[in-house]
Amino acid sequence: MYTEKVMDHFSNPRNMGELDDANGVGMVGNAKCGDIMKIFLKVSDDGIIEDISFKTFGCGAAVATSSMATELIKGKHIEEALKLSNAAVVEALEGLPPAKLHCSVLAEEAVHAAIKDYYERMGMHEKAEEIAENEHFEEHEAPREH
Ligand code: FES
């Protein structure tokens, strides 16, 4: 049912945990399944994602899609990372069962929510607004201890 790639990222998730020095944190949830995904970004002054991590309270596919999403955008510019689609995550995982496609949507949304938070913290409110207008994710309040 699951590809080897999915099983690999589920069994050995990459970039799992929290980042103490994150400057962008996004948390989204899916109301139907109740799963929650949180992404932490450490963005450099020139907009490069220097470090990234995730915490997922959810199903195995949610863990695998968050893990893959972090791998796909690590080291990229945030503008580039913003283009990450759930389809790209699914493709990189070599497929997901139809019932699990929404897990990849959650990964895309979590990345976008984290970038939006980064823009807000940097005072780039117009950019944050742009994301908010294009997205309809169910955002959860992200902690702002930093
Ligand atoms: S079952 Fe909802 S995110 Fe996987």
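The numbers attached to residues start from 1 for each chain and follow its sequence in the written order. Local features in this predicted model are restricted to residues whose pLDDT is 70 or higher, and side-chain atom pairs enter the listing and the counts only when it is 80 or higher, whereas totals over whole chains, interfaces and linings include all residues.

> Break down the nonpolar core for me, citing the residues and quoting the values.
Across soluble globular proteins, nonpolar side chains have a tendency to be buried as a group. By size, the foremost hydrophobic cluster in this structure holds 38 residues, and its most contacted members are Met37, Ile39, Phe40, Leu41, Ala110, Val111 and Ala114. When residues of this core are traced back to their parent elements, those giving at least two are β1 (24–29), β2 (36–43), β3 (49–57), α2 (60–73), α3 (78–81), α4 (86–92) and α5 (101–121). Helix and strand definitions here come from DSSP, where helices need a minimum of 4 consecutive H or I residues and strands a minimum of 2 consecutive E residues; each element is numbered from the N-terminal end. If you tally residues by element for this core, the top one is α5, at ten residues. When sequence neighbours within four positions are dropped, the list of residues in contact with Val111 reads Ile39, Ala69, Ile73, Ala81 and Leu84. Residues enter a nonpolar core if they are buried, belong to Ala, Val, Leu, Ile, Met, Phe, Trp, Tyr or Cys, and are joined to the set through C-beta atoms within 7 Å. The burial criterion counts other C-beta atoms lying within 10 Å of a residue's C-beta, which is placed from the backbone; the residue is buried at 20 or more, exposed at 12 or fewer, and partly exposed between these limits. What counts as a contact is two residues whose backbone-derived C-beta atoms lie within 7 Å of each other.

> Explain the sheet that holds β2 residue by residue, including any values.
We call two strands paired when DSSP finds no fewer than two bridges between them. As summarised here, the arrangement of the three strands in space is β1-β2-β3, forming an open sheet in which the pairing is antiparallel. Either end of the sheet is taken by a strand with one partner, and the two such strands are β1 and β3. Strand after strand, the sheet turns through a mean of 15° between neighbouring axes, direction not considered. Direction of pairing for β1 relative to β2: antiparallel, over a ladder of six bridges. Paired with Gly29 across the strands is Ile36, a residue of β2. The strands that α2 touches are β2 and β3; relative to β3, the one it contacts most, it runs at about 175°. The axes are straight lines fitted to the C-alpha atoms, using for helices just the contacting stretch, and the angles between their N-to-C directions are given from 0 to 180°. Contacts from α5 reach β1 and β2 within the one sheet, and its direction differs from that of β1 by about 140°.

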